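# Architecture and fold: a report
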Amino acid sequence: MCEFCMKHGEGKKWYLEASNYSEDLLSDVRRQKFLVNFFSETDKLEGALNKFEKLDKAPWLVKRFVRWRLDRFFRKNHHGQVLPIEDVEKIFGFTNSIVRFSCICRTVMKSKEKRYCYGLSMGPQGGKFAALIDEVVPGFLDGPDSKGMELLSKEEALAAFKEHEREGLCHSIWTFGTPFIGGICNCDRPDCIAMKTTVTHDIPSMYRAEHVAQLDPARCTGCRQCMRVCQFGALSYSGGNKKVAVDARRCYGCGICRAVCENNAIHLEDRSNVPAVANLW
Ligand code: SF4
Ligand code: SF4
């Protein structure tokens with residue numbers, strides 16, 4: 001279990017703890033301010049990426065210090081973790097409303113793709129989370145294909161996530177003032193700012209899942225469909241045995257490779273059962 005499970009989940013998965021979605025948490029003024037700034041100052045997100053590119057060329061001591069500061073900031077304010085679709089389904093089971101809106105990263109990156117983030121709430125109609133965004137950034141909750149807030153049933157939301165999975169998008173859950181959880185994103189490397197920050201610039205804002213992929217070589221035919229969708233470069237092909245292998249240290253445990261493998265050669269294992277990565281987040 002990661003440090004967030006210990007701190008905010010009583011030793012179980014922290015994002016399956018209903019109190020972390022509580023409307024009461026959003027009564028906190030500091031948390032509200034962070035949320036409002038996050039959605040209204042999108043130019044800062046774009047600026048951050050430019051700064052990270054410059055940081056890549058900085059002396060290692062500077063990099064180390066800035067990385068440490070940012071890591072603390074993300075843990076406190078906007079922490080993300082990859083999660084598999086079975087956990088998404090569990091979350092949909094106990095939250096009371098799901099709102100779909102334009103993906104903030106793709107808005108910043110000016111991507112033309114139709115991609116979505118999903119706001120979660122224990123309140124009705126997207127709760128205080130959606131109300132705050134709607135108040136400060138009118139129109140942000142307009143869906144890419146619709147005007148106005150898109151309220152989805154649990155069945156509609158789950159069907160949409162299955163489709164995102166087929167498209168090769170990785171699910172990740174996010175806090176706005178940890179431990180308050182505001183929503184789930186569907187990420188890919190070209191457009192996701194958090195993924196770029198974490199994987200490309202080595203500044204952790206998105207953590208690995210509580211799981212890691214394990215591959216059964218006896219079932220693998222070497223078709224390489226899984227390699228096509230892995231956003232983290234965790235899969236490699238060997239011409240020797242004509243099979244794919246998982247690099248557990250690179251694997252974020254999203255399960256997208258599992259979704260595309262027609263031979264059921266991949267499953268997700270609890271990270272704690274794989275000693276080499278049991279404490280790697
Ligand atoms: S998709 Fe499945 S069968 Fe194909 S290479 Fe990957 S693990 Fe092997
Ligand atoms: S190997 Fe599979 S589970 Fe691991 S990061 Fe890649 S797609 Fe996700």
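Residues numbered from 1 in each chain as written. Chains lettered and ligands numbered in written order. Predicted model: local features only at pLDDT ≥ 70, side-chain atom pairs only at ≥ 80, totals over all residues.

## What about the domain arrangement of the protein?
Here the domain parsing of the protein yields domain 1 (3-207) and domain 2 (211-277). A C-alpha centroid distance of 26 Å is found between domain 1 and domain 2. On the side of domain 2, 11 residues touch domain 1, which itself brings 12 residues to the contact. Taken together, the elements giving at least two residues each to the side of domain 1 that touches domain 2 come down to helix H8 (154-166), strand E5 (170-175) and helix H9 (193-200). By residue class, the composition of the side of domain 1 that touches domain 2 is six nonpolar, two polar and four charged. (Domains from an automatic or database assignment. Contact = placed C-beta atoms within 7 Å. Helix = DSSP H or I, 4+ residues; strand = E, 2+ residues; numbered from the N terminus. Nonpolar A, V, L, I, M, F, W, Y, C, P; charged D, E, K, R; others polar.)

## Considerations on the site of ligand 1
Residues in close proximity to ligand 1 total 14 residues, the closest being Cys220, Cys223, Cys226, Cys261 and Ala265. Per-class residue counts for the shell around ligand 1 are nine nonpolar, four polar and one charged. (Near = placed C-beta within 6 Å.)

## Quick word on the site of ligand 2
Every one of the 13 residues lining ligand 2 counts as a neighbour, but Ala213, Cys230, Cys251, Cys254 and Cys257 are closest to it. Across the shell around ligand 2, the residue classes break down as 11 nonpolar, two polar and no charged.

## Quick look at the pairing of strand E2 (residues 97-102)
Across the six residues of E2, five count as buried, placing the element largely inside the fold. As defined by bridge partners, E2 adjoins strand E3 (residues 116-121) across six bridges and the pair is classed as antiparallel. From the neighbouring strand, Ile98 faces E3, where its bridge partner is Leu120. Two strands pair when backbone bridges link them, and E2 and strand E4 (residues 150-152) are joined in this way by three bridges, in the antiparallel orientation. Within E4, the residue paired with Val99 across the bridge is Leu151. (Buried ≥ 20, exposed ≤ 12 C-beta atoms within 10 Å, placed from the backbone. Pairing = 2+ DSSP bridges.)

## Remarks on the nonpolar core
Across soluble globular proteins, nonpolar side chains have a tendency to be buried as a group. Core analysis: the biggest nonpolar cluster contains 63 residues, and Val82, Tyr118, Leu120, Cys187, Cys226, Cys230 and Cys257 have the highest contact counts within it. Counting residues domain by domain, this core receives three or more from each of domain 1 (3-207) and domain 2 (211-277). The residues contacting Cys226, other than those within four sequence positions of it, are Leu235, Val244, Cys257, Val260, Cys261 and Ile266. (Core = buried A, V, L, I, M, F, W, Y, C linked by C-beta atoms within 7 Å.)

## Topic: the environment of Val260
Tracing the backbone through its elements, the reader meets Val260 in helix H11 (residues 256-260). The class of Val260 is partly exposed, set by 17 C-beta atoms lying within 10 Å. Setting aside chain neighbours within four positions, we find Val260 in contact with Gln225, Cys226 and Val229.

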